[in-house]
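Architecture and fold: a report
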Amino acid sequence: QLQLVESGGALVQPGGSLRLSCTASDFGMVAYAIGWFRQAPGKDREFVAAARWIGGFTYYADSVRGRFTVSRDDAKNTVSLQMSSLKSDDTAVYFCAAGEEGSFYDDNYSRQSEYAYWGQGTQVTVSS
């Protein structure tokens with residue numbers, strides 16, 4: 001099983017920025033797409049953003065488009081989620097996930113069921 005190691009969660013003030021990271025031994029060996037999801041207290045887990053490992057394609061939920069950016073560092077085998085203009089609604093546990101090529105039959109990267117590997121989650125709290 002691919003183990004995803006997440007980091008970067010913190011307490012930030014509204015309007016602030018935060019960068020989350022997700023690292024594995026070799027994303028390229030198994031991951032066709034990397035997704036970010038989040039779950040607020042008492043709420044269902046929801047899609048945030050995703051990126052195809054090769055090709056530079058990125059996808060964002062309407063709630064974060066223009067504020068969040070997915071990127072990767074091949075040398076470090078790391079995928080990051082840069083978050084800016086944070087607001088209270090962004091408070092949640094954020095999860096990194098990886099999916100294999102065969103899962104994304106219709107080029108839709110927002111479904112949780114398409115991702116076979118998940119990180120442990122990291123807490124992001126936006127509050128004054």
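Above this note sits the structure.
As the structure is a prediction and not an experimental result, all values here were calculated from the model. (Residues numbered from 1 in each chain as written. Predicted model: local features only at pLDDT ≥ 70, side-chain atom pairs only at ≥ 80, totals over all residues. Heavy atoms only, no water.)

**Quick look at the overall build of the protein**
Worth spelling out the cut-off: A run of H or I in DSSP counts as a helix once it spans at least four residues, and a run of E counts as a strand once it spans at least two, with each numbered from the N terminus. Based on C-alpha atoms, the radius of gyration is set beside the globule rule, defined as 2.2 Å times the residue count to the power 0.38. Buried residues are those whose accessible area, probed at 1.4 Å on protein chains only, stays under 20% of the maximum for their type, while exposed residues exceed 50% and partly exposed ones sit between those limits. Contacts are assigned to residue pairs that have any heavy atoms within 4.5 Å of one another.
The number of helices and strands found in the protein is zero helices and eleven strands. Ordered by position from the N terminus, the helices and strands of the protein form the series β-β-β-β-β-β-β-β-β-β-β. At 14 Å, the protein has a C-alpha radius of gyration in line with the 14 Å of a compact globule built from 128 residues. The C-alpha extent of the protein, read off along each of the three principal axes, is 40 × 30 × 25 Å. Here the protein holds 128 residues, and the buried ones make up 45% of them. For the protein, the share of sequence-separated contacts (at least 6 apart) that also reach a separation of at least 24 residues comes to 58%.

**Brief notes about the state of the cysteines**
Selection criterion: Here, two cysteine sulfur atoms that lie within 2.5 Å of each other are counted as a disulfide.
With the rule as written, the count across this model stands at one disulfide. Each sulfur in the disulfide pair Cys22 and Cys96 lies 2.1 Å from the other. Looking down the S-S bond of the Cys22 and Cys96 bridge, the torsion is -80°, so its handedness is left-handed. Pair noted here: Cys22 is in strand E3 (residues 18-23) and Cys96 is in strand E9 (residues 92-99), with a separation of 74 residues, a long-range link. Considered together, Cys22 and Cys96 belong to a single accessibility category, that of buried residues.

**A look at the nonpolar core**
Across soluble globular proteins, nonpolar side chains have a tendency to be buried as a group. Short version of the rule: The set of buried Ala, Val, Leu, Ile, Met, Phe, Trp, Tyr and Cys residues whose side-chain atoms join them within 4.5 Å is what this entry labels a nonpolar core.
Among the nonpolar cores identified, the biggest contains 40 residues, and Leu4, Phe27, Trp36, Leu81, Met83 and Tyr94 are the most heavily contacted of them. Of all the secondary structure elements, the ones that give two or more residues to this core are E3, strand E4 (33-39), strand E5 (46-52), strand E7 (68-73), strand E8 (78-83), E9 and strand E11 (122-126). Beyond its immediate sequence surroundings of up to four residues, Leu81 is in contact with Leu18, Arg19, Leu20, Trp36, Val48, Ala49, Phe68, Thr69, Val70 and Tyr94.

**Some remarks on the sheet that holds E3**
Convention followed: By definition, two strands form a pair when at least two bridges between them are found by DSSP. To obtain each axis, a line is fitted to C-alpha atoms, and for helices this fit is confined to the stretch in contact; angles are then taken between N-to-C directions over 0 to 180 degrees.
Pairing is antiparallel in the open sheet, where four strands are placed in the order E1-E3-E8-E7. Of all the strands in the sheet, the pair left with one neighbour each is strand E1 (5-7) and E7. This sheet shows a mean twist of 15° between the axes of neighbouring strands, independent of strand direction. Pairing geometry for E3 and E8, over six bridges, is antiparallel.

**Here we look at the pairing of E3**
In this sheet, E3 lies alongside E1 in antiparallel orientation, the contact comprising three bridges. Residue pairing across strands places Ser7 opposite Ser21, the latter belonging to E3.

**A word on the pairing of E4**
Within E4, six of the seven residues are buried, leaving the element largely enclosed by the surrounding structure. Two successive antiparallel strands, E4 and E5, enclose a turn made up of six residues, where Gly42 displays a positive phi of approximately 75°. Inspection of the sheet shows E4 paired to E9 by seven bridges, in the antiparallel sense. Paired with Arg38 across the bridge in E9 is Tyr94.

**Things to note about the environment of Pro14**
By secondary structure assignment, the location of Pro14 is in the loop between strand E2 (11-12) and E3. Using a relative accessible area of 45% as the deciding quantity, one classes Pro14 as partly exposed. For Pro14 and Asp90, which are 76 residues apart along the polypeptide, the C-alpha to C-alpha distance reads 9.5 Å.

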